[in-house]
Structure formats: structure tokens, C-alpha cells
Amino acid sequence: MTAALDILLTRSLHSRLSDLDLDNIPFGKHYTDHMLEVDFLDGQWRQPVIKPYQHLSLAPSMAALHYGQAIFEGIKAYVDADGNPRIFRPLDNFYRFNISAERMQMPVVPEDIFMEGMKQLVSLDRAWIPNKKDHSLYIRPFMFSTDELIGVRPSDNYKFLIILSPSGPYYSAPMRIHVEEQYIRAAPGGVGYAKAAGNYGAAMYATAQARKHGYDQVLWMDGLERKYVQECGTMNVFFIIGDTAITPSLEQGTILNGVTRQSVITLLQEAHLRVEERPLSLDEIVEAYDQGTLKEVFGTGTAATISLIKELACRERELTFEVEKWQYAPAIKQKLMDIRAGRIPDLHGWMMPVG
Ligand code: COI
């Protein structure tokens, strides 16, 4: 239970909702009428404010722009069968947000600011939640350092915000993936497990190279030996080999502990598939493909939900899959959608009502 939080509300005088073309909502390009903003100054979180979505005025010397103390989360809200807004597993994202904050030497955000602030904001802008297949209200909490200082040290001051974006699918079709064996995303001891803005910036060069060659994303290999698969673009990754689903394990701290990943593990187990979280080598994947036991490959993420992978390009080869014939990933995707839309019972308590 989060305690009632005193939030100063300034309503927008005019809603922009009628400008939104509900039949064409690209991912992350439109923002709702309001946003939450809270400053951390002199060691204290200040008055949370919900106000009309607007630009920020920031100093050119602001620390985050120079040294990258910036973290974020991605969460989604849906409406249930009766039109009530509900958020998918936001507490898990809250915990992960503060794990990222700690790793980046930033202040932890109190639970009431994060959770109650998000609920009040989503409730206020509930009319913006798309009620359409593969659509949702994408919630983006983020925090960055705001000291005006060119010296390199952790900032004393920070800004925490939540903005909301009504969104269609992030990846709309089965994906072609380039297995990246040259560049790396993370290494043990680094920040791979944190949702740090810089992780995404650092991934862009290799991703752009793959795109030039017609691939949608890259599958990262481990930073030490380039032997074990890690994550795929903005997603965790699953391989079904024989009657076992395998996803890379978290203990090296190099991949993101995905909330969708956790949910998919649960749903796969409920579908009576064995699930293993363990190091998985590219050799094992290629061998399983050649033996005909590699059945399904897919990515999971908040933005991506569950994205089927129809091709893996590696070692001068193209491993291709007939995704139309798959059994598990499409069924799990449908089940997750049904839980979110309230079409089937939420047995795990994943959906948080907004009130
Ligand atoms: C998410 O899945 O929520 C992400 O953060 C990925 C991305 C859009 C950066």
C-alpha cells in the first residue's frame, strides 16, 4: 500500500487528445496532456507536481548532458473489459529503477512518489489509453542529474519525471536479427543490468550497422568471450530447444532483469515447458538449428512485448524459422494480452488498478 501523496496539480486548459489519430499511433511519438515532475534538491525530494506536458528549461552545463547520470523505466497501462485503467507490474519497475539509481550513484526515489505519482498521472490522463490490439499507454519514468557543473562527480541535484505516451507496437512484424560478434553491449562489472540511458546510446552504432544490412536489431554476445548470447536490441531473448525454453541468466549483471521476461518465464512454465535460466552459447544454438531442435526464438520487453524472430544471421549463415508454425510464443503473447485486457483472470496479481 502506498500512502496518499500530496501532489500539486495544475490542469491543462485544453486537451490535445482530439488531435491524436487513434488509427495511427506510432510508438513513443505522442504525449498526453500532463506530466509529473519532482526535484531532488539539497538532499531532499521536493513537492511533486503534475502539470501540463511542457518543455523543460535546463542549463547547458547540466551534469547529465555531459556525464550521463540518467536512468529510466518503461511500463504500460491498459484498459480492462469495463474500461478501467490498469498498470502492468509497476512495482517491479519501481524496484528496478532504484537498482539503476544505486548503480549510477543517484538518489533512490521514494515509493510513494514513484507509484502514487504514476497512478495519479495515469488516472488523470486515462482517456489517452488506447483500447486497441497491440496498443497501450507507455509510461516513461526517468531521472537525471541537474547540477550545473563541468567537474566530474555525482550530482547533488536531480529531476524525476514521468511522461505518458499512447503507443502502437514497437516492432510490428517478425524480426531479422544480426548476431553481433564484434561490438559488445556490456561486460561483467559494468552497468548492463541498469536501465541507464548510456547503455542505449552505446548500442546505437552496432545497431545502425546491422540496419544498413537490412536487419531489425542485433543479438549481443557476452563481452568476455563473445561466446554466450545476452540480449537482443531492447529485449531479453528466449530460445526453445527441444522441450526446454532457455533464456540467458542474470548473475553476471550484464543483462536487464526484464519484467516481461519474468512474466514470460511464469507463463511458459504454466504451459508445461521446462524453463532454464543459464548461459547459452551460440555454438549450442547453431547446433540445435542444424539438428532441427531449435523450435522458436523470440524477444521480450515492455515496449516490444513478445516479438518473434524469423531470422538469425550469424557466421555467414542465415538461420530462418517458419514463425507461422510456432506453438508457444504466439500463445504466450496472446495470453499476456488477454490478462492485460482483462479477458482472462489475472491470477498473479500483475495488473494494478489506477483508481
Ligand atoms: C522498454 O521496453 O520499455 C524499453 O525501455 C525499451 C526501449 C523503448 C528503450
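Residues numbered from 1 in each chain as written. Predicted model: local features only at pLDDT ≥ 70, side-chain atom pairs only at ≥ 80, totals over all residues. Heavy atoms only, no water.

A. How the structure looks around the pattern of salt bridges. All told, the structure shown has 23 salt bridges when counted by the stated rule. Here Glu311 and Arg176 are joined by a salt bridge, their closest N and O atoms 2.9 Å apart. In this pair, Glu311 sits in strand 17 (residues 305-314) while Arg176 sits in strand 10 (residues 175-180), placing the two residues 135 residues apart along the sequence. Assessed through its relative accessible area of 8%, Glu311 is described here as buried. When its relative accessible area of 23% is taken as the criterion, Arg176 is described as partly exposed. Put simply, Asp243 and Arg274 hold a salt bridge, and the shortest N to O gap is 3.8 Å. One end of the pair, Asp243, is in the loop between strand 13 (236-241) and strand 14 (244-247); the other, Arg274, is in strand 15 (residues 274-277), and 31 residues separate them in sequence. Among the charged side chains, a salt-bridge network with shared partners connects Asp243, Arg274, Glu276, Arg278 and Glu284. (Salt bridge = Lys/Arg side-chain N within 4 Å of Asp/Glu carboxyl O. Helix = DSSP H or I, 4+ residues; strand = E, 2+ residues; numbered from the N terminus. Buried < 20%, exposed > 50% of the residue type's maximum accessible area, 1.4 Å probe, protein only.)

B. Examining the side chain of Ser165 more closely. Relative to the helices and strands, Ser165 is located in strand 9 (residues 158-167). Owing to a relative accessible area of 3%, Ser165 belongs among the buried residues under this scheme. A distance of 2.8 Å separates the side chain of Ser165 from the backbone oxygen of His30, its partner in a polar contact. In this structure, Ser165 is in contact with Gly28, Lys29, His30, Tyr31, Ser136, Leu137 and Tyr138, ignoring residues within four places of it in sequence. (Polar contact = N/O pair within 3.5 Å; in protein donor to acceptor, adjacent residues only side chain to side chain. Contact = heavy atoms within 4.5 Å.)

C. Focus on the domain arrangement of the chain. Domain assignment breaks the chain into domain 1 (8-169) and domain 2 (175-341). One C-alpha centre belongs to domain 1, the other to domain 2; they are set 27 Å apart. The contact between domain 1 and domain 2 buries some 2000 Å² in all, and 59% of this surface belongs to carbon and sulfur atoms. Taken together, the connections running from domain 1 to domain 2 amount to zero salt bridges. Summed over the shared surface of domain 1 and domain 2, the number is 13 residue pairs in polar contact (both at pLDDT 80 or more). Of all the elements in the fold, those that place two or more residues in the side of domain 1 that touches domain 2 are strand 5 (70-72), strand 6 (75-79), strand 7 (85-88) and helix 2 (90-103). Ranked by residues supplied to the side of domain 1 that touches domain 2, first place goes to helix 2 with six residues. (Domains from an automatic or database assignment. Buried area = accessible area lost by both parts, 1.4 Å probe.)

D. Structural context of the site of the ligand. Neighbouring residues of the ligand: Phe72, Gly74, Tyr138, Arg140, Tyr170, Lys195, Tyr200, Thr234, Thr302 and Ala303. Note that an oxygen atom of the ligand is positioned 2.6 Å from one of the side-chain N or O atoms of Tyr138. At a separation of 2.8 Å, an oxygen atom of the ligand approaches a polar backbone atom of Ala303. Protein chains shield 91% of the accessible area of the ligand, which is 280 Å² for the free molecule. More than half of the atoms belonging to the ligand lie within 2 Å of the grid points that define the largest pocket. For the shell around the ligand, the class distribution of residues is five nonpolar, three polar and two charged. When residues of the shell around the ligand are assigned to domains, at least three map to each of domain 1 (8-169) and domain 2 (175-341). (Near = heavy atom within 4 Å. Areas by Shrake-Rupley, 256 points an atom, 1.4 Å probe, with all protein chains shown as cover. 1 Å grid on protein atoms, 1.4 Å probe; cavity = no way out; pocket = protein on both sides within 12 Å on 5 of 7 lines; lining within 4 Å. Sits in = over half its atoms within 2 Å of the grid points. Nonpolar A, V, L, I, M, F, W, Y, C, P; charged D, E, K, R; others polar.)

E. Summary view of the pairing of strand 18 (residues 317-320). By the bridge criterion, four bridges tie strand 17 to strand 18 in an arrangement that is antiparallel. Pairing of Glu311 across the sheet is with Thr320, part of strand 18. (Pairing = 2+ DSSP bridges.)

F. Layout of empty space enclosed by the protein. This model, assessed by the stated rule, comprises one cavity of 30 Å³ or more. A volume near 40 Å³ is recorded for the largest cavity. Every residue along the wall of the largest cavity is listed here: Gly74, Ile75, Lys76, Phe88, Asn93, Val259, Thr260, Thr302 and Arg340. Of the residues assigned to the lining of the largest cavity, the class counts are three nonpolar, four polar and two charged. Taken domain by domain, the makeup of the lining of the largest cavity includes at least three residues from each of domain 1 (8-169) and domain 2 (175-341). (Points joined across faces, edges and corners; volume = space filled by probe spheres on them.)

G. Expanded view of the environment of Asp19. Mapped onto the fold, Asp19 is located in the loop between strand 1 (8-9) and strand 2 (34-41). Spatially, the C-alpha atom of Asp19 lies 10 Å from that of His30, the residues being 11 residues apart in sequence.

H. The arrangement of the packing of helix 6 (residues 259-270) against helix 8 (residues 328-340) in detail. Where helix 6 contacts helix 8, the two axes come as close as 10 Å, and the packing angle between them is 110°. Classed by the angle they form, the pair helix 6 and helix 8 counts as roughly perpendicular. Along this stretch, helix 6 crosses helix 8, giving a crossing that reads as right-handed. Contact residues: helix 6 offers Thr260, Ser263, Val264, Leu267, Leu268 and Glu270, while helix 8 offers Tyr328, Ile332, Lys335, Leu336, Ile339 and Arg340. Classifying every residue of the contact of helix 6 with helix 8 gives seven nonpolar, two polar and three charged. (Axes fitted to C-alpha atoms, helices over the stretch in contact; angles between N-to-C directions. Parallel < 35°, antiparallel > 145°, perpendicular 65-115°, else oblique. Left-handed = near helix turned anticlockwise from the far one by under 90°.)

I. Representation of the layout of surface pockets. Considering only enclosed or pocket space, the largest pocket measures out at about 750 Å³ in volume. Forming the walls of the largest pocket are 37 residues, and the residues nearest its centre are Phe72, Arg140, Tyr170, Tyr200 and Thr234. Of all elements in the fold, only strand 8 (136-145), strand 9, helix 4 (197-202), helix 5 (204-212), strand 11 (217-221), helix 6 and strand 16 (294-301) reach the threshold of two or more residues within the lining of the largest pocket. When residues in the lining of the largest pocket are grouped by element, the largest group, four residues, is from helix 5. Both domains that furnish three or more residues to the lining of the largest pocket are identified here as domain 1 (8-169) and domain 2 (175-341). Each pocket or cavity is described by its volume, and for the second largest pocket that value is around 440 Å³. At the level of elements, strand 6, strand 17 and helix 8 are the ones that each hand at least two residues to the lining of the second largest pocket. Residue composition of the lining of the second largest pocket, by class: 14 nonpolar, six polar and seven charged. Residues from two domains meet in the lining of the second largest pocket; each of domain 1 (8-169) and domain 2 (175-341) gives at least three.

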